[in-house]
Structure formats: structure tokens, C-alpha cells
Amino acid sequence: MIPLMRAWTSAAAFVIAFAYAGGMPRNGYAATKPGDSPYAERLGELVNQYRQQRGARPLQVDSALSALAREHSIVMAKAARLSHDEFPSRVRRSGYRVCVENVGWNYHTSEAQFDGWRRSPEHDRNLLDARVTRMGIGVASNYVTFVACQ
């Protein structure tokens with residue numbers, strides 16, 4: 001029992017140290033303008049590069065959508081779980097008719113998060129949705145929310 005506890009404690013310490021040293025911001029950030037969050041800003045760049053490569057229009061960063069995304073990332077971080085809970089409420093509060101949303105957790109770089117979404121057919125569809133024109137990305141702890149609307 002004692003060796004198992006030591007192994008678990010060592011593993012937990014490694015995970016904490018790795019997360020602390022990683023590129024993922026630990027505080028809440030929203031991509032509202034350059035410099036707000038390098039993680040969110042880079043993720044937005046990757047989304048727009050990908051959209052352009054696939055013949056879709058790039059998305060404009062919308063500070064209100066970024067605030068909604070950040071708010072949801074904070075809620076997920078507090079609950080310690082991924083969710084799309086209250087998505088219809090976020091759509092209503094956005095003021096737009098059509099929105100899509102991707103959420104993510106524990107990807108330590110923007111590139112890794114983007115690749116995770118790109119490899120998932122449902123998330124990839126949201127990244128390339130031709131109906132949307134604006135986006136917001138919010139980060140809190142290891143939780144990320146991408147919201148794009150028209």
C-alpha cells in the first residue's frame with residue numbers, strides 16, 4: 001500500500017509540475033485584442049489559417065463573444081468538467097441567430113488544442129462553418145471555449 005501511495009504522490013507531483021510549466025494559461029483570458037492571451041490569440045490565428053486554407057472566410061474576433069467564451073471556460077474550470085451546458089443561453093446573450101461552440105481541456109499548447117478539434121468531425125465542422133463570421137476564444141485554467149456566430 002505504501003509503495004502505491006508513493007507512486008501516486010510522485011505521479012501527482014509530476015502532473016502538477018508539468019501543468020505549471022506548460023504553455024496553458026492558468027488564469028482566465030479571452031481573445032479580445034492582441035496581447036490579451038497568447039494561447040487564445042494563437043488559437044484564433046490557427047483557426048483563421050485553417051479556414052482560409054479550406055476556402056472559408058476568416059473570422060473577426062468579437063470581444064463580446066470572447067467574454068462569453070471566457071465566462072464559460074471559468075464555469076467549466078470551477079466544475080472541473082467539460083460541458084456545453086447553457087449553450088442556448090450563450091447564443092441568446094450573444095445577440096446572434098446562429099452560433100457554434102467547441103470546448104477543450106488540458107491541451108497545453110494552442111496547436112495541440114487546434115489539432116484535437118481538427119481531428120474530431122463535429123469540432124472540425126464548427127471550425128469551418130460557413131455561416132459564422134465572428135469568434136471569441138476564452139481560456140480559464142486548462143479549459144478553452146471557442147464560440148463563433150453569425
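Throughout what follows, the structure given in this document is the object of discussion. (Residues numbered from 1 in each chain as written. Predicted model: local features only at pLDDT ≥ 70, side-chain atom pairs only at ≥ 80, totals over all residues. Heavy atoms only, no water.)

## Looking at the packing of helix H2 (residues 38-53) against helix H5 (residues 110-119)
Here is step 1: Two elements in contact, H2 and H5, have axes separated by 9 Å at closest approach and are oriented at 40°. The angle between H2 and H5 places the two elements in the oblique class. In the crossing of H2 with H5, the sense of the turn from one axis to the other is right-handed. Each of Pro38, Tyr39, Arg42, Leu43, Leu46, Val47 and Tyr50 in H2 lies in contact with H5, whose residues at this interface are Ser110, Glu111, Gln113, Phe114, Trp117 and Arg118. (Axes fitted to C-alpha atoms, helices over the stretch in contact; angles between N-to-C directions. Helix = DSSP H or I, 4+ residues; strand = E, 2+ residues; numbered from the N terminus. Parallel < 35°, antiparallel > 145°, perpendicular 65-115°, else oblique. Left-handed = near helix turned anticlockwise from the far one by under 90°. Contact = heavy atoms within 4.5 Å.)

## A short note on the pattern of salt bridges
Here is step 1: In total, this model carries eight salt bridges according to the counting rule given.
Here is step 2: Here Glu101 and Arg90 are joined by a salt bridge, their closest N and O atoms 2.7 Å apart. Note that Glu101 is positioned in strand E3 (residues 99-105) and Arg90 in helix H4 (residues 87-94), a separation of eleven residues in sequence. As far as burial versus exposure is concerned, Glu101 and Arg90 are alike and both buried.
Here is step 3: With a shortest N-O distance of 2.6 Å, Arg131 and Asp129 are connected by a salt bridge.
Here is step 4: Its relative accessible area of 45% is what places Arg131 among the partly exposed residues.
Here is step 5: One connected set of salt bridges, linked through shared partners, spans Arg42, Glu45 and Glu111. (Salt bridge = Lys/Arg side-chain N within 4 Å of Asp/Glu carboxyl O. Buried < 20%, exposed > 50% of the residue type's maximum accessible area, 1.4 Å probe, protein only.)

## Some details on helix H3 (residues 63-79)
At 3.6 residues per turn, the α-helix brings residues three or four places apart onto the same side.
Here is step 1: When the terminal C-alpha atoms of H3 are compared, their 24 Å separation across 17 residues agrees well with the 24 Å that a helix rising 1.5 Å per residue should span.
Here is step 2: For H3, every residue scored as buried is listed here: Leu65, Ser66, Leu68, Ala69, His72, Ser73 and Met76. Buried residues in H3, looked at end-on, bunch into an arc of 160°, giving them a common side.
Here is step 3: Capping the start of H3 is the job of one residue whose side-chain oxygen sits 2.8 Å from the backbone nitrogen of Ala64: Asp62.
Here is step 4: Note on H3: the residue one or two positions beyond its end, Ala80, has a positive phi of about 60°. (Expected span 1.5 Å × (residues − 1). Arc of directions from axis to C-beta. Polar contact = N/O pair within 3.5 Å; in protein donor to acceptor, adjacent residues only side chain to side chain.)

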